[in-house]
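Each chain, letter by letter, is given below.
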Amino acid sequence: MAKIDQINENILQELIRDGRISNLELADRVGLSPSACLRRVQEMERTGLISGYRAVLDRTALGIGFLAYIGVGLRDHSKESQEGFERAMSRAVEVTECHNITGTIEYLLRVECADIAAYKAFHTDFLGAHPQVNAITTYVVMGSPKDARA
């Protein structure tokens, strides 16, 4: 694990807030010279501490009005079942996150669709039709007072 001093922590917090911030502005905000700031950012990129930058999209403007988290239990716990399920989820455009978790179910999915009708089609025709799926529990998101994902 990389050692993160307070300056690097400040740099990371600024980049989380705005990944497109100019190096000049970033250096000013964290109290470094532009060259020192750039060296630190490049080192964190080189070591993989910073693995990439993403665009945060306005889902509503894209026509995505339905968000849910889905707990999925599989029929069996074999490696083949898990790999088959994960391959299927990687092909589903509605699935924006797929996490293999511990507990009473095997997977937690983040699913984004246009509306409830689109989710019903995904639930029935794709997720429910997968041969390894044994249980589906849907948690519909009604609001997101905090969402710090990039």
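For clarity, every value in this text was computed on a predicted model and none was experimentally measured.

## Examining the pairing of strand β3 (residues 107–113)
- The buried fraction of β3 amounts to six of the seven residues, a majority that puts the element mostly inside the structure.
- Summarising the sheet, strand β1 (residues 66–74) and β3 pair through seven bridges and their orientation is antiparallel. Pairing of F66 across the sheet is with C113, part of β3.
- Pairing geometry for strand β2 (residues 95–100) and β3, over five bridges, is antiparallel. Along β3, the bridge assignment pairs C98 with L109.
- Hairpin connection between β2 and β3: a loop of six residues separates the two successive antiparallel strands, and G103 in this loop has a positive phi of roughly 120 degrees.

## Description of the side chain of R110
- Checked against the element boundaries, R110 lands in strand β3.
- Polar side-chain contacts of R110 include one of 2.6 Å to the side chain of Y69.

## Describing the packing of aromatic side chains
- The full count for this structure, using the stated rule, is four aromatic pairs.
- Consider the rings of Y119 and F122, whose centres lie 6.3 Å apart with planes at 40 degrees: the pair is tilted. Of the two residues, Y119 and F122 both sit in helix α5 (residues 116–127), three residues apart, roughly one turn of that helix. As far as the burial class goes, Y119 and F122 line up, both buried.
- Summarising the aromatic geometry, the rings of F122 and F126 are spaced 5.6 Å apart at their centres and angled 25 degrees between planes, so their arrangement reads as stacked. Placement of both F122 and F126 in helix α5 is noted, with a separation of four residues, approximately one turn of the helix.

Conventions adopted
Counting from 1, residues in each chain are numbered in the order their sequence is written. Two thresholds apply to this predicted model, a pLDDT of at least 70 for residue-level local features and 80 or more for giving and counting side-chain atom pairs, whereas whole-chain, interface and lining totals are computed over all residues. The side-chain quantities take in all heavy atoms of the structure and omit both hydrogens and water. With a 1.4 Å probe rolled over the protein chains alone, any residue whose accessible area is under 20% of its type maximum counts as buried; one over 50% counts as exposed, and the rest are partly exposed. Under the scheme used here, helices are H or I runs from DSSP no shorter than 4 residues and strands are E runs no shorter than 2 residues, and both carry numbers assigned from the N terminus. Here, strands pair whenever DSSP counts at least two bridges between them. In the analysis that follows, any N or O atom pair within 3.5 Å is treated as a polar contact, provided that within protein one partner can donate a hydrogen and the other can accept it, and provided that, for residues neighboring in sequence, both atoms belong to side chains. Ring pairs are drawn from Phe, Tyr and Trp, using the six-membered ring of Trp, whenever the two centres fall within 6.5 Å, and their geometry is named by plane angle: stacked under 30 degrees, edge-to-face over 60, tilted for the rest.

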